[in-house]
Amino acid sequence: MRRLIALTACAVLVSSLSACSIELGGPPTGGPKCPTRIEPTPKGVNGSLLLTAQAVPNAAVVPCLRPLPAGWTFHDLTARKGKARIVLDFGRDTNRAATITLTRTCDVRGATEAFSDVPGVRKYELVHDSKSSYRSDRFYVNSGSCITHHFVLNSSTGAAQVSALTRALGFVDRAVLRRYVHDYSDGRFELDPTPEAS
Amino acid sequence: MTAESALDATRPVVRAHRRRRPSGEPPPLPHRINSSGKWWLTLALAVVLLWVLAATTRTTAMRLDAVDHAVLSRIASWRTSWLTQFMDVVGAPATRWGLQVIWLTNLVVLLFWKRWRHLIVWIAVGLVVDNAAIGIGQTLQRPRPFGVEILGDWSGFAMPSLPLAVLSSFLVSTLYANVPAGRLRQIGKPIVVAVITLVAISRVYLAQDSPSDALAGTVIGVALALVAFRTFASNDVFPVTYRRGRTAHLDIDERRLAAITRAVEDQLGLIPEQVKPFRLEGSGGSTPLRIKVKGDEETYVFGKLYAATHMRADRWYKLGRTLLYGRLEDEKAFNTVRRLVQYEDYMLRLLYETGLPVPRPYGIVELTPEREYLLVMEFLNGATEIGEADIDDDIIDQGLRVVRQMWEAGLAHRDIKPANILVRDGQLLMIDSAFGQIRPSPWRQAVDLANMMLVLGLRTDARRVYERTRLYFDDDEIAEAFAATRGLTMPSQLRRMLRTQGQDLHAEFLALLPYQLKPVRIQRWSMRRVALSAAILTAGVIGILLAIQLVVSSPI
């Protein structure tokens, strides 16, 4: 009977774990963090950031997170070949309020080109404003990749909340990550395959 | 009276000297502890240690990356287009669809053969491995291989390899849940090893995993699955078999046969010449055996083999009765096989010494301490079940006298049904004292009477049995019997036979009574019954939801 109870308890525990296994990806790491230092030697590069960069090998620019403003929390990072997705929550009620996606390409139809503060990257914006909610998309496009910022907030103050979050959404040049891996391995290997290793 | 002298009284047998097992000597059937499980656990611990070192010391992590990179670079230099296509195919079992196929196939097979224990362990292991691998990956945060083009699909962090961890656990689970132990399983093991190895090679070739990621995933998957099946669904207790019939029966293989032969000789002084399963279809609580012992004439004894599987069956049975009845009578399950066997032996001896027509007990034989025992008693040669025998008034009287005698001795049989009442040479015999009770409740005594009347009425008629009953019991007692007995209080075999005959014997008896008493309320509710019912209901709902989720979604 004890073993049956233990087995049942395990099954219940594990089944609840399986339903929220994505949650395990969140804290304690907080997702792909922007390097704390770029020159002379990159520092503070975590595994999440490198994995994000590996998802799209041709991405010249990789999304990263700076310390998040109050109310925003990291939900999870999902990275696979060809796509990486970072999800952030806002407050208690708004899950997946912001999604940052790195892909090879994206569809910018309907979006308006805007000023880009990221060198070598074009920016497009698309806002779906309504009285009860705030939805907008931003696309950062370069030749090898596209970074999409998608915001969905259930309040009329969404624009202000997104504005606050924007300062925490960073970009890191792939060359910085390459340098980091090169230095970490003392030159034994690189972030990306060299032509003869492909 | 010893077994030998008891048998000598009826038939001359060849005696053997009884022998006490000295300290240090293994029992007749030693419990086998497979060492391979410990080896895999050790490997798993080594992997965990490596993780801790890699996570805490930069040098270890860098060296591991360097070694992995060197191997991957060398392999990458051998790539060709046809080899890449071949490796893609070889790696199919570890893909989303490959794993889904393995899981669903196992689900169907295990459901079809009703191997519930194996199915629960299978699912639990898969979930634990899956979640453990994901959790560890998100803690270690190891990126995919550096400096090499990754040709295959990948998802999530690299260490440990989630697809290999899940595949390994699935294949080991498949082996232990579906392949009978012995030669077949021994053949299956290298096949599983070969499949895992080929898939790992494919994933390393395609640079989906580094060699250390692949190794870690495999070790975790195999170790957890192996330990889980050996702990919760060991073959000794839950053998994998494809024979139809009750799975509680133990396999009487050569090893067990030799142990029984030796143990009966050493402990009872009898020399078994032949041991064969006997009427397995009628038994679920033990494995019944007919044992021929050496003697001048053909002499048999009857043995009931008990192991942990029977003890668990007893627990489930009592749990079911608690849920159906509530706390009407003591239904405490036995904690050990020893106690289960001791109880039945004691009850049998009590019934026998009371003068009731039960088999003569010869004693308990220990095969594996605390795990496996044989209860030996007289074999009722030539006896037939009462449902197939000719019944006359004398047989009816004998049956009723048995109940009267039990009442007066303060005993109850509690499982009076056609399979447990035999007739031989005009004598009624009663078997299976496993459910017997001392100083039973009046309700239980009344149920014994009613069940005996119903059993006797199966081959005769209600009026005849009723008239004979009035010779031994008064109207109050008979009325009480039928107020206490209905539905669930009758053994299922008895209910089934009454239905098959198409007669409502119970109603016929009630109609004969000069008066009827108010039916005794069967249902009793207690906190324990409420808590158990709620727990089972919750587990059932979770199980169904889990099953649905597992069927429709991929393990990775």
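Below is a summary of the structure that appears in this document.

About the criteria used
- Residues numbered from 1 in each chain as written.
- Chains lettered and ligands numbered in written order.
- Predicted model: local features only at pLDDT ≥ 70, side-chain atom pairs only at ≥ 80, totals over all residues.
- Heavy atoms only, no water.
- Helix = DSSP H or I, 4+ residues; strand = E, 2+ residues; numbered from the N terminus.
- Contact = heavy atoms within 4.5 Å.
- Areas by Shrake-Rupley, 256 points an atom, 1.4 Å probe, with all protein chains shown as cover.
- Axes fitted to C-alpha atoms, helices over the stretch in contact; angles between N-to-C directions.
- Left-handed = near helix turned anticlockwise from the far one by under 90°.
- Nonpolar A, V, L, I, M, F, W, Y, C, P; charged D, E, K, R; others polar.
- Expected span 1.5 Å × (residues − 1).
- Buried < 20%, exposed > 50% of the residue type's maximum accessible area, 1.4 Å probe, protein only.
- Core = buried A, V, L, I, M, F, W, Y, C linked by side-chain atoms within 4.5 Å.
- Pairing = 2+ DSSP bridges.
- Phe/Tyr/Trp six-rings, centres within 6.5 Å; stacked < 30°, edge-to-face > 60°.
- Lys NZ or Arg CZ within 6 Å of the ring centre and 35° of its normal.
- Salt bridge = Lys/Arg side-chain N within 4 Å of Asp/Glu carboxyl O.
- 1 Å grid on protein atoms, 1.4 Å probe; cavity = no way out; pocket = protein on both sides within 12 Å on 5 of 7 lines; lining within 4 Å.
- Points joined across faces, edges and corners; volume = space filled by probe spheres on them.

### Examining the overall build of chain A
Counting its regular elements, chain A contains 4 helices and 9 strands. Ordering the α and β elements of chain A from the N terminus gives α-α-β-β-β-β-β-β-β-β-α-β-α. Sequence-distant contacts, at least 24 apart, represent 49% of the contacts inside chain A between residues at least 6 apart. Element-wise, carbon and sulfur atoms account for 55% of the exposed surface of chain A, whose accessible area totals about 9,900 Å².

### What to know about the packing of helix α14 (residues 442-459) of chain B against helix α17 (residues 492-501) of chain B
Residues and elements named next belong to chain B. One can describe the packing of α14 onto α17 by two numbers: an axis separation of 11 Å at closest approach and a directional angle of 35 degrees. As α14 packs across α17, the resulting crossing turns out to be left-handed. Contact residues: α14 offers Asn-451, Leu-454, Val-455 and Leu-458, while α17 offers Leu-494, Met-497, Leu-498 and Gln-501. In terms of residue class, the contact of α14 with α17 is built from 6 nonpolar, 2 polar and no charged.

### Notes on helix α3 (residues 58-76) of chain B
Compared with an ideal rise of 1.5 Å per residue, which puts 19 residues at 27 Å, α3 of chain B spans 26 Å between its outermost C-alpha atoms and is within 8% of the ideal. Listed as buried for α3 of chain B are Ala-61, Met-62, Leu-64, Asp-65, Ala-66, Asp-68, His-69, Leu-72, Ile-75 and Ala-76 of chain B.

### Let's talk about the nonpolar core
Membership of the largest hydrophobic core comes to 80 residues, with the highest contact counts inside it found for Trp-72, Leu-88, Phe-151, Leu-153 and Leu-165 of chain A together with Leu-167 of chain B. Counting residues per element, this core draws most heavily on helix α7 (residues 162-178) of chain B, at 11 residues. Core analysis: the second largest hydrophobic core is formed by 58 residues, Leu-348, Leu-428, Met-430 and Ala-450 of chain B among them.

### Description of the sheet that holds strand β2 (residues 287-293) of chain B
Residue and element names in this part refer to chain B. With antiparallel pairing, the 5 strands of this open sheet are ordered in space as β1-β2-β3-β5-β4. A strand with exactly one partner marks an edge of an open sheet, and here the two such strands are β1 (272-277) and β4 (361-368). For this sheet, the mean inter-axis angle between neighbouring strands, taken without regard to orientation, is 25 degrees. In the sheet, β1 pairs with β2 via 5 bridges, with the strands oriented antiparallel. Residue Lys-276 lies in a different strand from β2, and its bridge partner there is Arg-290. In the packing of helix α11 (residues 308-325) onto the sheet, contacts are made with β2 and β3 (299-307), and the angle to β3 comes to roughly 70 degrees. Relative to the sheet, helix α12 (residues 337-353) contacts β3, β4 and β5 (372-378), its axis offset from that of β4 by approximately 170 degrees.

### Here we look at the environment of Lys-318 of chain B
Within the secondary structure, Lys-318 of chain B sits in helix α11. Once the C-alpha coordinates of Lys-318 of chain B and Phe-334 of chain B are considered, the two residues, 16 residues apart in sequence, prove to be 9.8 Å apart.

### Some points on the sheet that holds strand β8 (residues 421-424) of chain B
All names here are of chain B. Strand order in the open sheet formed by 3 strands is β6-β8-β9, and the pairing between neighbours is antiparallel. Looking at the sheet topology across the chains shown, the edges are occupied by β6 (384-385) and β9 (427-430). Two strands pair when backbone bridges link them, and β8 and β9 are joined in this way by 4 bridges, in the antiparallel orientation. By the bridge assignment, Arg-424 is partnered in β9 with Gln-427.

### Things to note about the packing of aromatic side chains
What the rule picks out here adds up to 18 aromatic pairs over all chains. Aromatic pair Phe-278 of chain B and Phe-302 of chain B: ring centres 6.3 Å apart, planes at 80 degrees, arrangement edge-to-face. Of the two residues, Phe-278 of chain B sits in the loop between β1 and β2 while Phe-302 of chain B sits in strand β3, which places them 24 residues apart along the sequence. A network of ring pairs unites the aromatic residues Tyr-180, Tyr-184 and Phe-189 of chain A together with Phe-146 of chain B as a single cluster. It is Arg-79 of chain B that lies over the ring of Tyr-205 of chain B; its NZ or CZ is 5.8 Å from the centre. The lysine or arginine in question, Arg-115 of chain B, covers the ring of Tyr-242 of chain B, its NZ or CZ lying 4.8 Å from the ring centre.

### Some details on the pattern of salt bridges
Residue and element names in this part refer to chain B. What the rule picks out here adds up to 33 salt bridges over all chains. Here Asp-266 makes a salt bridge to Arg-262, at a shortest N to O gap of 3.7 Å. Residue Asp-266 and its partner Arg-262 are located together in helix α10 (residues 254-268), separated by 4 residues, close to a single helical turn. Of the charged contacts, one joins Asp-393 and Arg-464 as a salt bridge, the two residues approaching to 2.8 Å between their closest N and O atoms. With a gap of 71 residues between them, Asp-393 in helix α13 (residues 393-409) and Arg-464 in helix α15 (residues 462-469) connect regions that are remote in the sequence. Take Asp-393: its relative accessible area is 30%, and that puts it in the partly exposed class. Arg-464 gets classed as partly exposed once you look at its relative accessible area, which sits at 30%.

### Thoughts on unusual backbone geometry
Residues and elements named next belong to chain B. That bond from Met-159 to Pro-160 is cis: its omega, -5 degrees, falls within 30 degrees of zero. With respect to the helices and strands, Pro-160 occurs in the loop between α6 (116-140) and α7. The backbone of Gln-141 shows a phi angle near 55 degrees, a positive value even though the residue is not glycine. With respect to the helices and strands, Gln-141 occurs in the loop between α6 and α7.

### Looking at empty space enclosed by the protein
One water molecule sets the probe size; rolling that probe over the atoms shows where empty space is left. All names here are of chain A. If you walk through the whole model with that rule in mind, you get 1 cavity of 30 Å³ or more. Of the pockets and cavities examined, the largest cavity occupies roughly 30 Å³. Forming the boundary of the largest cavity are Val-61, Val-121, Tyr-140, Val-141, Asn-142, Ser-145, Ile-147 and Phe-171. Looking at the lining of the largest cavity residue by residue, the class counts come to 6 nonpolar, 2 polar and no charged.

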